[in-house]
There are 2 protein chains.
Amino acid sequence: MSDTKQKILDTAERLFAEQGYSATSLRQIIADAGVNLAAVHYHFGSKEELLHEVVTRKAAPVNAKRLAMLDRSEALHAPDPPPIEEVLHAFLIPMAESAERNRQFVRVMGRIIADGMLPTILEKTFHDVLVRFVSALRRGVPDVPDEEFRWRVLFMQGAMAHAMCGHGAEGYFLSRVEHLTRFLVGGFRAPAAQPVAATDPVEVER
Amino acid sequence: MSDTKQKILDTAERLFAEQGYSATSLRQIIADAGVNLAAVHYHFGSKEELLHEVVTRKAAPVNAKRLAMLDRSEALHAPDPPPIEEVLHAFLIPMAESAERNRQFVRVMGRIIADGMLPTILEKTFHDVLVRFVSALRRGVPDVPDEEFRWRVLFMQGAMAHAMCGHGAEGYFLSRVEHLTRFLVGGFRAPAAQPVAATDPVEVER
DNA sequence: GTCTATACTGAGATAGAC
DNA sequence: GTCTATCTCAGTATAGAC
């Protein structure tokens, strides 16, 4: 990789982590990196593609570790599905460990979410991983109907996103994983389609 | 309210719902509304303030209904805390009903979240409501330690945010409320601070 | 008080010379 | 591959008409 490209990537990662994606202009990046503005578009095409490369460069090893942990967990319990605690751990712990080693990465991710770039980046970088983990979770809660399960996956994504960028994104990420896992396990294992509020007087009245 | 101001608000709400906040330029709004660019800054001061007024105009009655439902629920169960199912319903149902009547509002909210404007808008518009509901929830799960509870509130916010803007934001919002309530109740009532994965072989190995 | 016309600054993107 | 110059479009600010 050319020296120019490397400098752009490193500088962009630092500034995105410090200020967020939208708040960081290409002109600031190229000034700090000491390169020319057009070099960004030559090497990356656009600001969004630059962000994409910043993310994937760090996310790739995390995702590899996630899949490795999931593989082991599935092999260990085969032919039964692994308990969803383990599935969630396999997803969350590699990210948390990366966060301890490289504080900047998780901050970039948090900033992406806060900047609303999540859907674009998420689909490009995490699609394959998500598919694997969602199907593992699916096998772990066989009693939950399909539609309910799909909703719960969506709720889980929201909870994870907030967990990552929430206030105090500095502190011990591994302890946060424990909190989050307990919460998600409770949510996924909750009884499905029970008329929870059938006798709810507040609701009946409306 | 002046006709110009009204036209700007209506047009902005429609375009924000259709395209999102960042993707909608002030120039597009004023072109569609048939007013002058400077009128926006005269009446609202900035694009962000315009969004703020678009949101509060619709959110105010929703929040009022939320608090009314919570009041009734608390009075009904006093001196005991209301079950968290009812608290969550009191929060979610008014928004869902508003969504059925005015599809555009919930789409604006979803777009705000997707655009990352959530923290700013949320604090300004929903702060008081959030305080009331969080303390009601707190009383509903007395066994959960404080720190764990605070995390769960954060996870809940994330799940709610995703639930609102998630794919299929068109369909029956009220059924979505039921799915979400069950998930959140499960998460909040999950056993706290249990070493879920203490014997997790995948984790022990690291 | 309201609104119009216009100018200012900074953003991302691009064409073309070297 | 790299860089200069330029383009378009954004949000914002101001002067002044009614």
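Along every chain, residues carry numbers that run from 1 in the direction the sequence is written. Written order decides the labels, with chains lettered from A and ligands numbered from 1. Thresholds applied to this predicted model are a pLDDT of at least 70 for local features of residues and 80 or more for the giving and counting of side-chain atom pairs; totals over whole chains, interfaces and linings are not thresholded and use all residues. Only hydrogens and water are set aside; all other atoms, that is, all heavy atoms of the structure, feed into the side-chain values.

K.L.:
Hey, could you run me through the protein's contact with DNA strand C in this one?
P.N.:
Whether a residue is near a molecule or strand depends on its heavy atoms: it is near if one of them lies within 4 Å of it. Taken together, 16 residues are adjacent to DNA strand C, and A:Arg27, A:His41, B:Thr4, B:Tyr42 and B:His43 come closest. Backbone atoms, meaning sugar plus phosphate, form 57% of the atoms of DNA strand C positioned within 4 Å of the protein. Under this definition, polar contacts are N or O atom pairs within 3.5 Å; protein pairs additionally need one hydrogen-donor-capable and one acceptor-capable atom, and for neighbouring residues in sequence, both atoms have to be side-chain atoms. Within the side chain of B:Thr4, an N or O atom sits 2.6 Å from a phosphate oxygen of DNA strand C. Taking B:Asn36, its main chain carries an N or O atom lying 3.1 Å from a phosphate oxygen of DNA strand C. Those elements that provide at least two residues to the surface near DNA strand C are helix H2 (26-33) and helix H3 (37-43) of chain A together with helix H3 (37-43) of chain B. Each helix corresponds to a stretch of at least 4 residues labelled H or I by DSSP, and each strand to a stretch of at least 2 residues labelled E; elements are numbered beginning at the N terminus. Among the elements that line the surface near DNA strand C, the one with the most residues is H3(B), at four residues. Gly is placed with the polar residues, together with every amino acid not listed as nonpolar (Ala, Val, Leu, Ile, Met, Phe, Trp, Tyr, Cys and Pro) or charged (Asp, Glu, Lys and Arg). Of the residues that constitute the surface near DNA strand C, the class distribution is five nonpolar, eight polar and three charged.

K.L.:
Just to check I follow, could you spell out the protein's contact with DNA strand D for this structure?
P.N.:
In the vicinity of DNA strand D lie 14 residues, with A:Asn36, A:His43, B:Leu26, B:Arg27 and B:Lys47 positioned nearest. For DNA strand D, the fraction of atoms within 4 Å of the protein that belong to sugar or phosphate moieties is 50%. Within the contact set of DNA strand D, a phosphate oxygen lies 2.8 Å away from a side-chain nitrogen or oxygen of B:Lys47. Of all the elements in the fold, those that place two or more residues in the surface near DNA strand D are H3 of chain A together with helix H2 (26-33) and H3 of chain B. The residue inventory of the surface near DNA strand D, partitioned by class, reads five nonpolar, seven polar and two charged.

K.L.:
Any chance you could explain the packing of helix H9 (residues 173-189) of chain A against helix H9 (residues 173-189) of chain B here in plain terms?
P.N.:
Relative placement of two packed helices is described by the angle separating their axes and the distance separating the axes. Packing of H9(A) against H9(B) leaves a shortest axis separation of 7 Å and a crossing angle of 135°. Considering the angle they form, H9(A) stands oblique to H9(B). Here H9(A) runs over H9(B); the crossing is right-handed. Here A:Phe183, A:Leu184, A:Gly186, A:Gly187 and A:Phe188 of H9(A) lie close against H9(B), whose contacting residues are B:Phe183, B:Leu184, B:Gly186, B:Gly187 and B:Phe188. Classifying every residue of the contact of H9(A) with H9(B) by side-chain character gives six nonpolar, four polar and no charged. In this analysis an axis means a line fitted to C-alpha atoms, helices contributing only their contacting stretch, and an angle means the value between N-to-C directions, from 0 to 180 degrees. Working rule for angles: under 35 degrees goes down as roughly parallel, over 145 as roughly antiparallel, 65 to 115 as roughly perpendicular, anything else as oblique. What makes a crossing left-handed is the near helix being turned counterclockwise from the far one by less than a right angle; a clockwise turn instead makes it right-handed. Here, two residues are considered to be in contact whenever any of their heavy atoms come within 4.5 Å of each other.

K.L.:
It is not clear to me how the packing of aromatic side chains should be interpreted in this structure. Could you clarify?
P.N.:
How two aromatic rings sit relative to each other is given by the distance of their centres and the angle of their planes. For Phe, Tyr and Trp, rings pair up if their centres lie within 6.5 Å, where Trp contributes its six-membered ring, and each pair is then called stacked (planes under 30 degrees apart), edge-to-face (over 60) or tilted (otherwise). For the structure shown, the criterion picks out 13 aromatic pairs over all chains. For the ring pair B:Phe91 and B:Phe133, a centre distance of 5.2 Å and an interplane angle of 75° mean the geometry is edge-to-face. Of this pair, B:Phe91 sits in helix H5 (residues 84-101) while B:Phe133 sits in helix H7 (residues 118-140), and the two are 42 residues apart along the sequence. The buried label applies to any residue whose accessible area, calculated with a 1.4 Å probe on protein chains only, is under 20% of its type's maximum; exposed applies above 50%, and partly exposed to all values in between. In this structure B:Phe91 comes out as buried when scored by relative accessible area, which is 11%. Accessibility expressed as a relative area gives 4% for B:Phe133, which makes it buried. Throughout this description, the term charge over a ring refers to an Arg CZ or Lys NZ atom that lies within 6 Å of the ring centre and within 35 degrees of the ring normal. Stacked on the ring of A:Tyr21, the Lys or Arg A:Lys47 has its end atom at 4.5 Å from the ring centre. Here B:Arg66 stacks its cationic end above the ring of B:Phe91, 3.8 Å away from the centre of that ring.

K.L.:
Even after reading the chapter, I still don't get the side chain of A:His162, so can you show me in this structure?
P.N.:
Counting through the fold element by element, A:His162 comes out in helix H8 (residues 146-165). Residues in contact with A:His162, not counting those within four places in the same chain, are B:Leu118, B:Leu154, B:Gln157 and B:Gly158.

K.L.:
I would appreciate a short explanation of the packing of helix H1 (residues 3-19) of chain A against H2(A) in the present structure.
P.N.:
All names here are of chain A. At their nearest, the axes of H1 and H2 sit 9 Å apart, and the two run at 125° to each other. By the angle class used here, H1 and H2 are oblique. Read as a crossing pair, H1 and H2 show a hand that is right-handed. For the pair H1 and H2, contact is made by Lys-7, Ile-8, Thr-11, Ala-12, Arg-14, Leu-15, Phe-16 and Gln-19 and by Gln-28, Ile-29, Asp-32 and Ala-33, respectively. Grouping the constituent residues of the contact of H1 with H2 by class yields six nonpolar, three polar and three charged.

K.L.:
It is not clear to me how the pattern of salt bridges should be interpreted in this structure. Could you clarify?
P.N.:
Working definition: two side chains of opposite charge can pair if their charged atoms are close together. Residues and elements named next belong to chain B. Each salt bridge in this description consists of a side-chain nitrogen of Lys or Arg and a carboxyl oxygen of Asp or Glu lying within 4 Å of one another. With the rule as written, the count across this model stands at 31 salt bridges over all chains. For the salt bridge of Asp-3 with Lys-7, the shortest nitrogen-to-oxygen distance reads 3.8 Å. With Asp-3 and Lys-7 both in helix H1 (residues 3-19), this residue pair falls four residues apart, about one helical turn. Classification of Asp-3 as exposed rests on a relative accessible area of 55%. Note that Glu-74 is salt-bridged to Arg-132, the shortest N-O span being 3.0 Å.

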